[in-house]
Amino acid sequence: QLDQWLLDPKPGKARLLFEGAGSAAYSPTGHVVFTRGDVLMAAPFDLDRLAVTGEVIALTGGVRTHSSWEDGAFAISREGLLLFAPGGQVGTDRRLVTVEGTTVTPLTSERRAFETMPAVSRTGRKVAAVASANQKSSYETWVADLDHPGLKRVLALPSADCSHPVWSPDGQWLAYQRAALDKDDGVYIQRADMGGPPRVILKTESKETNLTPTSWAPNGLGLLITKTVEGKGN
(Lines give C-alpha, C1' and ligand atoms only; values in the text may rest on other atoms or scores of the structure.)
Protein backbone atom coordinates (compact mmCIF):
# COMPACT_ATOMS: atom_id res chain seq x y z
CA GLN A 1 0.00 0.00 0.00
CA LEU A 2 1.34 3.41 -1.02
CA ASP A 3 1.18 6.83 0.64
CA GLN A 4 1.56 10.24 -0.98
CA TRP A 5 4.13 12.65 0.45
CA LEU A 6 4.95 16.26 -0.36
CA LEU A 7 8.60 17.27 -0.76
CA ASP A 8 9.25 20.98 -0.16
CA PRO A 9 12.48 21.73 -2.07
CA LYS A 10 13.39 24.84 -0.05
CA PRO A 11 13.91 23.20 3.37
CA GLY A 12 14.39 19.79 1.74
CA LYS A 13 11.79 18.18 3.98
CA ALA A 14 8.91 15.83 3.20
CA ARG A 15 5.58 15.41 4.95
CA LEU A 16 2.68 13.03 4.57
CA LEU A 17 -0.32 14.25 2.57
CA PHE A 18 -2.53 11.20 2.02
CA GLU A 19 -2.35 7.70 3.49
CA GLY A 20 -3.23 4.74 1.29
CA ALA A 21 -3.12 6.74 -1.92
CA GLY A 22 -1.43 6.66 -5.31
CA SER A 23 -0.90 8.59 -8.55
CA ALA A 24 -1.31 12.04 -6.97
CA ALA A 25 -1.38 14.99 -9.38
CA TYR A 26 -2.21 18.70 -9.13
CA SER A 27 -5.27 19.92 -11.01
CA PRO A 28 -5.66 23.52 -12.31
CA THR A 29 -9.00 23.55 -10.50
CA GLY A 30 -7.00 23.97 -7.26
CA HIS A 31 -7.10 20.36 -6.11
CA VAL A 32 -4.80 17.42 -5.66
CA VAL A 33 -6.34 14.39 -7.36
CA PHE A 34 -5.32 10.84 -6.40
CA THR A 35 -6.64 7.30 -6.28
CA ARG A 36 -7.33 4.80 -3.53
CA GLY A 37 -7.69 1.44 -5.21
CA ASP A 38 -10.12 2.03 -8.07
CA VAL A 39 -11.68 5.18 -6.54
CA LEU A 40 -10.70 8.64 -7.81
CA MET A 41 -10.37 11.17 -4.96
CA ALA A 42 -9.74 14.92 -4.73
CA ALA A 43 -8.87 17.47 -2.04
CA PRO A 44 -8.52 21.28 -2.27
CA PHE A 45 -4.87 22.34 -2.20
CA ASP A 46 -3.19 25.73 -1.62
CA LEU A 47 -0.09 26.06 -3.83
CA ASP A 48 1.27 29.01 -1.83
CA ARG A 49 1.11 27.20 1.50
CA LEU A 50 1.59 23.74 -0.03
CA ALA A 51 -1.22 22.50 2.17
CA VAL A 52 -4.49 20.58 1.92
CA THR A 53 -7.24 23.06 2.80
CA GLY A 54 -10.38 20.94 2.88
CA GLU A 55 -12.02 17.55 3.00
CA VAL A 56 -11.11 14.65 0.73
CA ILE A 57 -14.03 13.69 -1.51
CA ALA A 58 -14.65 10.76 -3.87
CA LEU A 59 -15.15 11.72 -7.52
CA THR A 60 -15.87 8.37 -9.14
CA GLY A 61 -15.12 4.67 -8.88
CA GLY A 62 -14.17 2.08 -11.45
CA VAL A 63 -10.68 3.36 -12.36
CA ARG A 64 -8.80 0.47 -13.93
CA THR A 65 -6.13 -1.19 -11.76
CA HIS A 66 -3.94 -4.05 -12.93
CA SER A 67 -2.91 -5.51 -9.54
CA SER A 68 -4.75 -6.24 -6.31
CA TRP A 69 -2.45 -3.89 -4.36
CA GLU A 70 -2.30 -1.17 -7.00
CA ASP A 71 -3.98 2.25 -7.12
CA GLY A 72 -5.61 3.31 -10.37
CA ALA A 73 -3.79 5.51 -12.90
CA PHE A 74 -5.07 8.66 -14.60
CA ALA A 75 -3.85 11.84 -16.29
CA ILE A 76 -4.84 15.52 -16.06
CA SER A 77 -4.23 18.03 -18.84
CA ARG A 78 -3.16 21.64 -18.24
CA GLU A 79 -6.76 22.66 -18.93
CA GLY A 80 -8.08 20.27 -16.27
CA LEU A 81 -9.29 17.48 -18.58
CA LEU A 82 -9.27 14.16 -16.73
CA LEU A 83 -8.43 10.92 -18.54
CA PHE A 84 -8.56 7.39 -17.13
CA ALA A 85 -9.28 3.85 -18.27
CA PRO A 86 -12.40 2.23 -16.73
CA GLY A 87 -12.66 -1.33 -15.51
CA GLY A 88 -12.05 -1.35 -11.75
CA GLN A 89 -9.79 -3.90 -10.06
CA VAL A 90 -9.29 -6.31 -12.94
CA GLY A 91 -6.15 -7.89 -11.46
CA THR A 92 -7.82 -9.76 -8.59
CA ASP A 93 -9.73 -12.38 -10.57
CA ARG A 94 -7.42 -14.10 -13.05
CA ARG A 95 -7.00 -17.73 -14.09
CA LEU A 96 -4.44 -19.72 -16.04
CA VAL A 97 -5.42 -20.80 -19.56
CA THR A 98 -3.89 -22.32 -22.66
CA VAL A 99 -4.48 -20.86 -26.11
CA GLU A 100 -4.33 -22.88 -29.32
CA GLY A 101 -5.50 -20.98 -32.35
CA THR A 102 -8.83 -19.48 -31.29
CA THR A 103 -9.45 -22.09 -28.59
CA VAL A 104 -8.96 -20.98 -24.97
CA THR A 105 -8.89 -23.76 -22.37
CA PRO A 106 -8.70 -23.08 -18.60
CA LEU A 107 -5.97 -24.99 -16.77
CA THR A 108 -8.07 -24.73 -13.63
CA SER A 109 -11.31 -23.08 -12.58
CA GLU A 110 -9.62 -21.50 -9.55
CA ARG A 111 -8.86 -17.80 -9.72
CA ARG A 112 -6.11 -15.77 -8.08
CA ALA A 113 -4.54 -12.31 -8.29
CA PHE A 114 -1.89 -13.59 -10.73
CA GLU A 115 0.89 -11.23 -11.80
CA THR A 116 3.87 -11.47 -14.17
CA MET A 117 4.32 -14.13 -16.85
CA PRO A 118 3.73 -17.78 -15.85
CA ALA A 119 6.69 -20.18 -15.98
CA VAL A 120 6.10 -23.41 -17.92
CA SER A 121 8.06 -26.61 -17.23
CA ARG A 122 10.07 -28.21 -20.03
CA THR A 123 7.43 -30.92 -20.53
CA GLY A 124 4.65 -28.34 -20.69
CA ARG A 125 2.67 -30.22 -18.03
CA LYS A 126 3.30 -27.84 -15.12
CA VAL A 127 2.91 -24.08 -14.76
CA ALA A 128 4.16 -21.85 -11.95
CA ALA A 129 2.58 -18.43 -11.54
CA VAL A 130 3.10 -15.58 -9.08
CA ALA A 131 0.07 -14.19 -7.28
CA SER A 132 -0.35 -11.26 -4.93
CA ALA A 133 -1.27 -12.64 -1.51
CA ASN A 134 -2.72 -9.51 0.06
CA GLN A 135 -3.06 -5.73 -0.11
CA LYS A 136 0.51 -5.36 1.18
CA SER A 137 1.76 -6.87 -2.08
CA SER A 138 3.32 -10.05 -0.69
CA TYR A 139 4.01 -12.45 -3.58
CA GLU A 140 3.38 -16.21 -3.53
CA THR A 141 4.02 -18.82 -6.22
CA TRP A 142 1.30 -21.31 -7.15
CA VAL A 143 1.60 -24.39 -9.37
CA ALA A 144 -0.93 -25.89 -11.77
CA ASP A 145 -0.28 -29.47 -12.88
CA LEU A 146 -2.17 -30.82 -15.90
CA ASP A 147 -2.02 -34.31 -14.38
CA HIS A 148 -3.47 -33.17 -11.03
CA PRO A 149 -6.39 -30.70 -11.25
CA GLY A 150 -6.34 -27.58 -9.10
CA LEU A 151 -3.82 -25.06 -7.87
CA LYS A 152 -1.20 -25.74 -5.20
CA ARG A 153 0.59 -23.03 -3.25
CA VAL A 154 4.26 -24.02 -3.30
CA LEU A 155 6.29 -20.93 -2.40
CA ALA A 156 4.94 -18.64 0.33
CA LEU A 157 6.30 -16.74 3.32
CA PRO A 158 4.33 -14.40 5.61
CA SER A 159 6.77 -11.49 5.35
CA ALA A 160 8.69 -12.04 2.12
CA ASP A 161 8.07 -12.22 -1.62
CA CYS A 162 8.61 -15.59 -3.32
CA SER A 163 8.70 -14.85 -7.03
CA HIS A 164 10.57 -15.30 -10.34
CA PRO A 165 10.06 -19.10 -10.41
CA VAL A 166 12.24 -21.14 -12.80
CA TRP A 167 11.66 -24.88 -13.41
CA SER A 168 14.48 -27.40 -13.24
CA PRO A 169 14.88 -29.51 -16.42
CA ASP A 170 13.19 -32.53 -14.77
CA GLY A 171 10.28 -30.44 -13.45
CA GLN A 172 10.94 -31.52 -9.86
CA TRP A 173 12.38 -28.28 -8.50
CA LEU A 174 11.68 -24.56 -8.61
CA ALA A 175 14.38 -21.94 -8.25
CA TYR A 176 13.02 -18.63 -6.99
CA GLN A 177 13.83 -15.24 -5.54
CA ARG A 178 13.19 -14.61 -1.84
CA ALA A 179 12.89 -10.86 -1.13
CA ALA A 180 12.17 -9.15 2.18
CA LEU A 181 15.07 -6.68 2.43
CA ASP A 182 16.76 -8.71 5.15
CA LYS A 183 19.77 -10.99 5.63
CA ASP A 184 17.99 -14.08 4.24
CA ASP A 185 17.22 -12.63 0.80
CA GLY A 186 18.60 -14.45 -2.22
CA VAL A 187 18.01 -17.35 -4.59
CA TYR A 188 16.56 -20.60 -3.22
CA ILE A 189 15.34 -23.92 -4.65
CA GLN A 190 12.31 -25.87 -3.45
CA ARG A 191 10.84 -29.20 -4.51
CA ALA A 192 7.65 -28.60 -6.46
CA ASP A 193 5.90 -31.31 -4.42
CA MET A 194 7.02 -29.49 -1.24
CA GLY A 195 8.97 -32.57 -0.16
CA GLY A 196 11.46 -30.95 2.18
CA PRO A 197 12.50 -27.43 3.15
CA PRO A 198 13.86 -24.86 0.69
CA ARG A 199 17.61 -24.78 0.07
CA VAL A 200 19.55 -21.54 -0.22
CA ILE A 201 21.72 -21.28 -3.33
CA LEU A 202 23.05 -17.74 -3.08
CA LYS A 203 22.30 -14.96 -0.59
CA THR A 204 22.41 -11.24 -1.26
CA GLU A 205 25.33 -9.23 0.08
CA SER A 206 23.32 -6.13 1.04
CA LYS A 207 19.89 -4.53 0.78
CA GLU A 208 21.08 -2.82 -2.41
CA THR A 209 21.73 -6.21 -4.07
CA ASN A 210 19.09 -8.06 -6.06
CA LEU A 211 19.53 -11.71 -7.13
CA THR A 212 17.15 -13.27 -9.67
CA PRO A 213 17.29 -16.83 -11.07
CA THR A 214 17.25 -16.85 -14.87
CA SER A 215 17.55 -20.49 -16.00
CA TRP A 216 18.88 -23.95 -15.09
CA ALA A 217 21.75 -25.67 -16.83
CA PRO A 218 20.46 -28.48 -19.10
CA ASN A 219 21.87 -31.13 -16.73
CA GLY A 220 20.21 -29.48 -13.72
CA LEU A 221 23.51 -28.96 -11.89
CA GLY A 222 23.77 -25.19 -12.13
CA LEU A 223 21.81 -21.95 -12.34
CA LEU A 224 22.19 -18.69 -14.19
CA ILE A 225 21.53 -15.85 -11.75
CA THR A 226 21.29 -12.14 -12.51
CA LYS A 227 22.89 -9.91 -9.90
CA THR A 228 21.88 -6.26 -9.83
CA VAL A 229 23.54 -3.69 -7.55
CA GLU A 230 22.17 -0.14 -7.65
CA GLY A 231 20.88 -0.60 -11.19
CA LYS A 232 23.96 -2.30 -12.62
CA GLY A 233 23.58 -5.96 -13.56
CA ASN A 234 25.85 -8.96 -14.15
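About the criteria used
Residues numbered from 1 in each chain as written. Predicted model: local features only at pLDDT ≥ 70, side-chain atom pairs only at ≥ 80, totals over all residues. Heavy atoms only, no water. Helix = DSSP H or I, 4+ residues; strand = E, 2+ residues; numbered from the N terminus. Polar contact = N/O pair within 3.5 Å; in protein donor to acceptor, adjacent residues only side chain to side chain. Contact = heavy atoms within 4.5 Å. Buried < 20%, exposed > 50% of the residue type's maximum accessible area, 1.4 Å probe, protein only. Pairing = 2+ DSSP bridges. Core = buried A, V, L, I, M, F, W, Y, C linked by side-chain atoms within 4.5 Å. Salt bridge = Lys/Arg side-chain N within 4 Å of Asp/Glu carboxyl O.

(A) Region of the structure containing the side chain of E140. Positionally, E140 belongs in strand β14 (residues 139–145). A distance of 3.2 Å separates a polar atom in the side chain of E140 from a polar atom in the side chain of W142. Those residues in contact with E140 that lie beyond four places of it in its chain are A129, V130, A131, A133, R153, L155, A156 and C162.

(B) Structural context of unusual backbone geometry. The backbone phi angle of L50 is positive, close to 50°, even though this residue is not glycine. Turning to its location among the elements, L50 is positioned in the loop between β5 (39–46) and β6 (51–52). Residue L50 is classed as partly exposed on the basis of its relative accessible area of 21%. Positive phi outside glycine occurs at L181, with the angle close to 55°. By secondary structure assignment, the location of L181 is in the loop between β17 (173–179) and β18 (186–191).

(C) Here's a closer look at the sheet that holds strand β22 (residues 232–233). Taken in spatial order, the three strands line up as β20-β21-β22 in an open sheet, and their pairing is antiparallel. One side of each edge strand has no neighbouring strand; the edge strands of this open sheet are β20 (209–216) and β22. Two elements, β20 and strand β21 (residues 223–229), share seven bridges in a ladder whose sense is antiparallel. Looking at the pairing, W216 lines up with L223 of β21.

(D) Summary view of the nonpolar core. By size, the foremost hydrophobic cluster in this structure holds 11 residues: A119, A128, V143, V154, L155, C162, W167, L174, Y176, Y188 and A192. Looking at this core, the elements with two or more residues in it are β15 (148–155), β16 (161–167) and β17. Beyond its immediate stretch of four places on either side in the chain, Y188 contacts L174, A175, Y176, R178, P198, R199, V200, I201 and K203.

(E) Structural detail: the environment of E100. The topology assignment puts E100 in strand β10 (residues 97–100). Residue E100 is classed as exposed on the basis of its relative accessible area of 67%. Measuring from C-alpha to C-alpha, the distance between E100 and L83 comes to 36 Å, with 17 residues separating the pair along the chain.

(F) Local environment of the pattern of salt bridges. In total, this model carries 11 salt bridges according to the counting rule given. Of the charged contacts, one joins D185 and R178 as a salt bridge, the two residues approaching to 2.8 Å between their closest N and O atoms. Its salt-bridge partner being K183, residue D184 comes within 3.5 Å of it at the nearest N-O pair. Residues joined in a network through salt bridges with shared partners are R178, D182 and D185.

(G) Representation of the pairing of strand β13 (residues 126–132). Summarising burial for β13: seven of the seven residues are buried, a large majority. In textbook terms, the turn of a hairpin is the stretch between consecutive antiparallel strands, and for strand β12 (residues 114–120) and β13 this stretch comprises five residues, one of which, G124, has a positive phi near 80°. Where β13 meets β14, seven bridges bridge the pair, whose relative direction is antiparallel. Paired with A129 across the bridge in β14 is W142.

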